[in-house]
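# Examining the three-dimensional arrangement
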Amino acid sequence: MATVITVTSGKGGVGKTTSSAAIGTGLAMRGHKTVIIDFDVGLRNLDLIMGCERRVVFDFVNVINGEANLSQALIKDKRIDNLFIFPTSQTRDKDALTMQGVEKVLTDLASQGFEYIVCDSPAGIEHGAITALYFADEAVIVTNPEVSSVRDSDRILGILASKSRRAVRGEAPVKEHLLITRFSPTRVERGEMLGIKDVQDILAIPLMGVIPESMAVLKASNTGTPVILDEQSEAGQAYKDAVGRFLGEQRPLRFLEMPKKGLFQKIFKVAAS
């Protein structure tokens, strides 16, 4: 039976699509047949992050409308076995994602043996986001360690608790995971962003991972490569750890401390003062 994972955020620009790409890729790297679906109709970005924009012929909305079938729209990743990308439309209206149409697509994907269906939700609470949240079995709440981002994430948790399919049917609640992105211990030290404990205290859901602020993320996005494939970067390693925790592994949190200054840095600092 397929598990639907909705990757969501209350605020835009927090790294949600980057996280969807990394999580989906990481699950496939662990041997799980995985598909990543772009729910952001009109603002399609997942195909760019995954480097398959030139291979898009049919999309999510085409399949919902019966204009194409799944095999025509699904794009198989060339790097990772078991990984597929399901792009959405850049030209249709967001209301094209009907509940009945999305449910049928998810059911058909499950019947094709997909273990994980990763839904890259739009930010906020517009139609596409509400639809992605409705069908979640598990949800990854992506937030930056900033007050506005955390506050908006708390609102998303309220929607999951009251308006998801599981909530409406009285089933077991959606399993929630917290993913903190763009974390900088230097900025925490200067009081410019919240600390990890501050975010956890506000949202009170299990911490899946902390992704450090890194130029590797921007580079990966610009080259169409999920950053989790960059094993030399701290961000790539942190996403691998996060996927491991999602799968039930115990892994220590890394990259949370300020880098220690070397001897020469200390000497120069003293000389400058």
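Shown above is the structure to which this text applies.
In short, a report on the structure. It should be emphasised that the depicted structure is a prediction, and the values quoted were computed from it without experimental measurement. (Residues numbered from 1 in each chain as written. Predicted model: local features only at pLDDT ≥ 70, side-chain atom pairs only at ≥ 80, totals over all residues. Heavy atoms only, no water.)

## Overview of the pairing of strand S4 (residues 83–86)
By the alternation rule, side chains of S4 split into Leu83 and Ile85 and Phe84 and Phe86, which are all buried. Examined bridge by bridge, strand S2 (residues 34–38) and S4 share four bridges and lie parallel to one another. By the bridge assignment, Val35 is partnered in S4 with Phe84. Adjacent in sequence and paired antiparallel, strand S3 (residues 75–76) and S4 are bridged by six residues, among which Asn82 carries a positive phi angle near 75 degrees. (Buried < 20%, exposed > 50% of the residue type's maximum accessible area, 1.4 Å probe, protein only. Helix = DSSP H or I, 4+ residues; strand = E, 2+ residues; numbered from the N terminus. Pairing = 2+ DSSP bridges.)

## Overview of the sheet that holds strand S8 (residues 207–212)
In space, the eight strands of this open sheet follow the order S3-S4-S2-S5-S1-S6-S7-S8, with mixed pairing throughout. Taken across any chain shown, the strands that pair with only one partner, and hence form the sheet edges, are S3 and S8. Contacts from helix H7 (residues 147–163) reach strand S1 (3–8), strand S6 (138–143) and strand S7 (175–183) within the one sheet, and its direction differs from that of S6 by about 165 degrees. Helix H12 (residues 234–246) rests against S1, strand S5 (116–120), S6, S7 and S8 of the sheet, and its axis sits at about 175 degrees to S8. (Contact = heavy atoms within 4.5 Å. Axes fitted to C-alpha atoms, helices over the stretch in contact; angles between N-to-C directions.)

## Considering the nonpolar core
Core analysis: the largest hydrophobic core is formed by 36 residues, its most contacted members being Leu27, Met50, Val140 and Leu179. When residues of this core are assigned to their parent elements, the largest contribution, six residues, is made by H12. Ignoring sequence-local partners within four residues, the contact set of Leu27 consists of Ile5, His32, Thr34, Tyr116, Val118, Val243, Phe246 and Leu247. The next biggest cluster of nonpolar side chains, apart from the first, holds 26 residues, and it includes Phe39, Leu74, Cys119 and Phe135. (Core = buried A, V, L, I, M, F, W, Y, C linked by side-chain atoms within 4.5 Å.)

## Details of the packing of aromatic side chains
In the structure shown here, the tally under the stated rule is five aromatic pairs. Centroid distance Phe84 to Phe114: 5.4 Å. Interplanar angle 85 degrees. Geometry classified as edge-to-face. Residue Phe84 is found in strand S4, and its partner Phe114 is found in the loop between helix H5 (99–111) and S5; the two are separated by 30 residues along the sequence. This pair shows no difference in class: Phe84 is buried, exactly as Phe114 is. (Phe/Tyr/Trp six-rings, centres within 6.5 Å; stacked < 30°, edge-to-face > 60°.)

## Some thoughts on H5
An α-helical turn contains 3.6 residues, so any two residues separated by three or four positions project in the same direction. Taking 1.5 Å as the rise per residue, H5 with 13 residues should run 18 Å; its terminal C-alpha atoms sit 18 Å apart, in good agreement. Taken together, the buried positions of H5 are Gly101, Val102, Val105, Leu106 and Leu109. Down the axis of H5, the buried set is contained in an arc of 130 degrees. They therefore lie on one face. Among the exposed residues of H5, those pointing more than 90 degrees away from its buried face are Gln100, Lys104 and Ser111. One or two steps after H5, the chain reaches Gly113, where phi turns positive at roughly 90 degrees. (Expected span 1.5 Å × (residues − 1). Arc of directions from axis to C-beta.)

## Observations concerning the pairing of S7
Sheet topology note: the S6/S7 ladder contains six bridges and is parallel. Bridge pairing links Ala139 to Glu176 in S7. Relative to S8, S7 runs parallel, the two sharing four bridges. Paired with Leu178 across the two strands is Leu207, which belongs to S8.

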